[in-house]
Amino acid sequence: MTFQNPRGLWLLLGVPVLVLIWLIRPPYQERRVSSSYIWRLSERFMKKRLPVSRIRKWLVFLLQLLLVSGAAFLAARPVLNHGGRVDYLLILDASASMRTVTENGNTRYEEAGEQIRELARRSTAEGHTVSVIRAGDRAEFLVRESASAKEITDAVNGTLCGWGTSALSGAMTLAQLFLYDHPGAEVILFTDQAAGTCDGIEVVSLDGGEWNAALTDLMASKDGAGGMKLSASLSSWGRDADITVGLTVNGRLTDSVNVSCPANEAQSVAFTLADAETVTEAVLFIDPGDALEADNRIVCCPENERICDTLLVSETPFYLSAAVNALDRGRVKLTSPGSDGAAERDYDLYVYDGCLPDMLPEAGAVLLIDPPRAPEGMTFLGTAEEAGSMTASAASGLAGEGLLTNMKLREIAVSRHTIADASDDWVAVCSVEQDPVFLTRTMENGTLLCVLLFDLHDANLPLTTDFICLMRNLMNAAVPPLLDRRIVTVGERVTVNAAPGTEKIRVTSPVGAVTEPETDEGGNVKLRPDEAGLYRVMCGGEETGFFAAIPAGESAPGRLDDLTLLPGESGEEEETEAASGLWRIAAAVLLAVLLTEWEIYIYEQQY
Amino acid sequence: MAKDGLRLIDNETIALSESRDLNIRGLMEGLFGGNRRSAFYGSSMDFADYREYAPGDDPRRVDWNLWARTDKLWLKLFTDERRQHHRIYIDCSASMDWGQPEKHLIALKTAALLGLLAVNGMDRVSWYALEEDRCRRITEAVSGREKWALGLDALAGVPCGGDTKLARAVMSCPDPGRRDGISFLLSDFLTDEDWKSAADWLSETGREVCLIRILSPDEVNPALTGKLRLKDAEAAGEDDGRNLRMDIGRERLRAYAAALAWLDDELKRFCAARRIRLFTTTCDRPLSRILFDGAVRSEMVR
């Protein structure tokens, strides 16, 4: 029998203390009475006492002794190993940082694998069993309770290190469940993170203090002159370093800069490109010869906004045409209500100002401004003449957020608006004095229908930049960008917004693997990159890409905190465990002893 | 000194005693000059009996009406009124020095008041202190309120302590009297000694016997719990057998109550069999309540 927590045996000091208390406490207190005659006389009226009551005080003392001893025993967490068999549970950290190359030329992941194989050989030879959990983007058992070194070795050899974070919490859950089934199992975690507060688990650290330089947090923004600014963070983990950061645009080295990087401090690096329109792929890279390559390169694939043809139907299209022309996203046609042009249908965005066509377009996005009659699913109740501020509705949700992107909605005043009662299909995006004035709904055919319930001349909205943002958001809703994100972290989701009718989308992974994921009902595809690097997407003859970077935290040394595994339950043939926390047990024992004494006192007090 | 003695009883109680008298149930003998009906024929106004005339009798005492009806001479007899001599025995053991106020003080006050009732009835009263195994006369027999008041000084100075052997002390009384009054015995009767012998001995003198039992409240309802070494106030030393080690709990207190009730019953049975009057009181009760409530109910006082 062994003890998992030998410190618990310190509680046995309570035994001599208890004995001492019993020895030194006065057994009888002297009290003077006028006469003891009645007390002596009472002897004959005492009920015949059971033998157990005569030794009651000794039983109480014995109980207290047993309580203290038992608590010490339980606190020490004794383990009874039948046949000497030990169940080893090994957790293998498969996060991206485990790709760091050590002095031996192997990655930390390979080093961990080697240690696991060695432990498996040794343990299985002694009759023990080994289970292995791989903690990559999710936690899973590679092998369970195996007594075969070959099986364990094959299982470990058949895995690769991941590119994301490690699902250590999931691994701990699996380990906890394993412990419930196998009390007394030894849990060992192979990781490159420094061990902090870890209870019930042995941590084997593979961090050899290797140096790592990392490029992270790439930001790309266009300026008003048609140029582009690229900025990123450069860090040197482990030592000071002078690092050269290079920039290639469309495969050609165009710029580089030397950066003095103090240890463990992020430095900002920025490049400016004169002509953003010609950039299809910009790569920032470093080549310092550090231990982890995965964070030495970061790629930006800017996407030009897609063409959006717009039909404006208005008697007074001044504000509308000014905003749409400023965006310069494609063909713009101005027409008046009732004309033949108002019925054309080969546009992406349709804006009807002060009118409502009999038949709404069946594709793209439609904006109705102050319609003369209520569209489907809506009833006009009257007109509110009071002026008010336009604010975002709390219930606008995701639909509203897309339409309000970049809009500040500061001091937008509306002097008159229509009060409408909308069905549940409509989502209120903006309101004036609790009345929804900007509503949206997605029609059954996929058309996005938006309604502004006020005349543009009754509001200052067209005079603000919010109006231009609104028109741009409507264009993006009508013709969404092919990819919703260009730079992601491994494991994050990227949506490919394919044009309606797109038959095939082809995705090429950083290692060249080609897949053709199926589109959903809306023609979209959701991708979840599991490797770091540049993914290329071919969609309807249009080619673009996005970059999946390793999580920023994987570049820096990590630290494990608050990893706690509770000991398993007592088993008939396995082991006995106590509740965790020595002090809690001590307090419970003290409380029990006090309660016992109190109960006796109360018993004696009662008449 | 007289004033100190008089403090034993307050004026209000003295005033109340004016309307009370000691209750003597039988006919005693006593001495001449008293106010109590006696077993003798005498010259009082109370008719007692007839007797046939004999030569030498006073012809003035012949009942002529009866002679007219019976044609015989009958003499009218009247009871004689005598003075009684009441004796009050006070237990002065250490156990009486207990309670708040002390049982001993209540015993002295009760004795003083009984003495007042006696002198009010033109009787004489003597107080005796039962100390160890002897009976010490506290004063000469007193009669009249003035002497009673003087006797209080001696009564107030009676100490208590030691271990009184009740039976031996009572029996050592030099002049217990015979058929001439009431013998009062004031004690807590918390003793192993043979108090029954004491009461029997007093009864055998032909006098009426009254036992007054005085307890303290904590003797009736003891507030003791836990492991205690009970030290008897009358114990001679640490090794005295009356000192007890006792684990007092619920069960023990129940047994105590049962023992106390048994002793009460024993006293009542004993007294009823011998026509001894008995009442029990506690020292926390006012003196007027003790005498004019308890004593009246037990027919010691009327």
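Worth saying up front: this structure is predicted, and the values here are computed from it rather than measured. (Residues numbered from 1 in each chain as written. Chains lettered and ligands numbered in written order. Predicted model: local features only at pLDDT ≥ 70, side-chain atom pairs only at ≥ 80, totals over all residues. Heavy atoms only, no water.)

## Quick look at the overall build of chain A
Reasoning step 1: Within chain A, the secondary structure is distributed over eleven helices and 37 strands.
Reasoning step 2: Counting only C-alpha atoms and orienting by the principal axes, one finds that chain A spans roughly 125 × 70 × 45 Å.
Reasoning step 3: Intrachain contacts of chain A at a sequence separation of at least 6 include 66% that bridge at least 24 residues.
Reasoning step 4: Here chain A holds 49 positive side-chain charges and 85 negative ones, and the gap between their average locations is 12 Å. (Helix = DSSP H or I, 4+ residues; strand = E, 2+ residues; numbered from the N terminus. Contact = heavy atoms within 4.5 Å. Lys, Arg positive; Asp, Glu negative; His and termini not counted. Charge placed at Lys NZ, Arg CZ, Asp CG, Glu CD.)

## Concerning the environment of Gly382 of chain A
Residue and element names in this part refer to chain A.
Reasoning step 1: Within the secondary structure, Gly382 is located in strand S22 (residues 378–384).
Reasoning step 2: For Gly382 and Asp421, which are 39 residues apart along the polypeptide, the C-alpha to C-alpha distance reads 9.9 Å.
Reasoning step 3: Other than its neighbours up to four places away in sequence, Gly382 contacts His417, Thr418 and Ile419.

## Re a nonpolar patch on the surface
Reasoning step 1: Among the surface-exposed residues, Ile55, Trp58, Leu59, Leu62 and Leu66 of chain A lie close enough to one another that they form a single nonpolar patch of about 510 Å² accessible area.
Reasoning step 2: As for its placement among the helices and strands, Leu59 of chain A is situated in helix H4 (residues 56–75). (Patch = residues over 30% accessible without salt bridge, like charges linked within 9 Å, V, L, I, M, F, W, Y side chains within 5 Å. Areas by Shrake-Rupley, 256 points an atom, 1.4 Å probe, with all protein chains shown as cover. Salt bridge = Lys/Arg side-chain N within 4 Å of Asp/Glu carboxyl O.)

## Brief notes about the sheet that holds strand S34 (residues 533–539) of chain A
Residue and element names in this part refer to chain A.
Reasoning step 1: Read from one edge to the other, the open sheet built from five strands follows the order S29-S35-S34-S31-S32, with strand pairing classed as mixed. If you trace the sheet from one side to the other, it starts and ends with strand S29 (487–489) and strand S32 (514–515), each paired once.
Reasoning step 2: Strand direction decides the pairing type here: strand S31 (residues 505–508) and S34, joined by four bridges, are antiparallel. Each residue of the ladder has a partner; that of Val507, found in S34, is Val537. (Pairing = 2+ DSSP bridges.)

## A few points about unusual backbone geometry
Reasoning step 1: The linkage connecting Gln100 of chain B with the following residue, Pro101 of chain B, adopts the cis geometry, with an omega of -5 degrees.
Reasoning step 2: Positioned with a positive phi, Asn250 of chain A is a non-glycine residue whose angle comes to about 50 degrees.
Reasoning step 3: As for its position among the elements, Asn250 of chain A is in the loop between strand S13 (241–249) and strand S14 (252–261).
Reasoning step 4: Within the chain, Phe189 of chain B stands out as a residue other than glycine whose phi angle is a positive 55 degrees.
Reasoning step 5: Within the element layout of this structure, Phe189 of chain B appears in the loop between strand S6 (182–187) and helix H7 (195–203).

## A closer look at the state of the cysteines
Residue and element names in this part refer to chain A.
Reasoning step 1: The full count for this structure, using the stated rule, is zero disulfides over all chains.
Reasoning step 2: You can see Cys450 has no disulfide; the closest cysteine sulfur is in Cys430, sitting 11 Å from it.
Reasoning step 3: Among the cysteines around Cys539, which has no disulfide bond, Cys301 carries the closest sulfur, lying 15 Å off.
Reasoning step 4: Residue Cys539 is classed as buried on the basis of its relative accessible area, which comes to 4%. (Disulfide = S-S within 2.5 Å. Buried < 20%, exposed > 50% of the residue type's maximum accessible area, 1.4 Å probe, protein only.)

## Points about the interface of chain A and chain B
Reasoning step 1: Counting residues at the interface gives 29 residues for chain A, matched by 43 residues for chain B.
Reasoning step 2: Buried area between chain A and chain B, summed over both chains or domains, comes out near 3700 Å², and the portion from carbon and sulfur atoms is 60%.
Reasoning step 3: Remark: the boundary between chain A and chain B carries 13 residue pairs in polar contact (both at pLDDT 80 or more).
Reasoning step 4: Those elements giving two or more residues to the side of chain A that touches chain B turn out to be strand S2 (29–33), helix H2 (37–42), H4 and helix H11 (582–605) of chain A. (Buried area = accessible area lost by both parts, 1.4 Å probe. Polar contact = N/O pair within 3.5 Å; in protein donor to acceptor, adjacent residues only side chain to side chain.)

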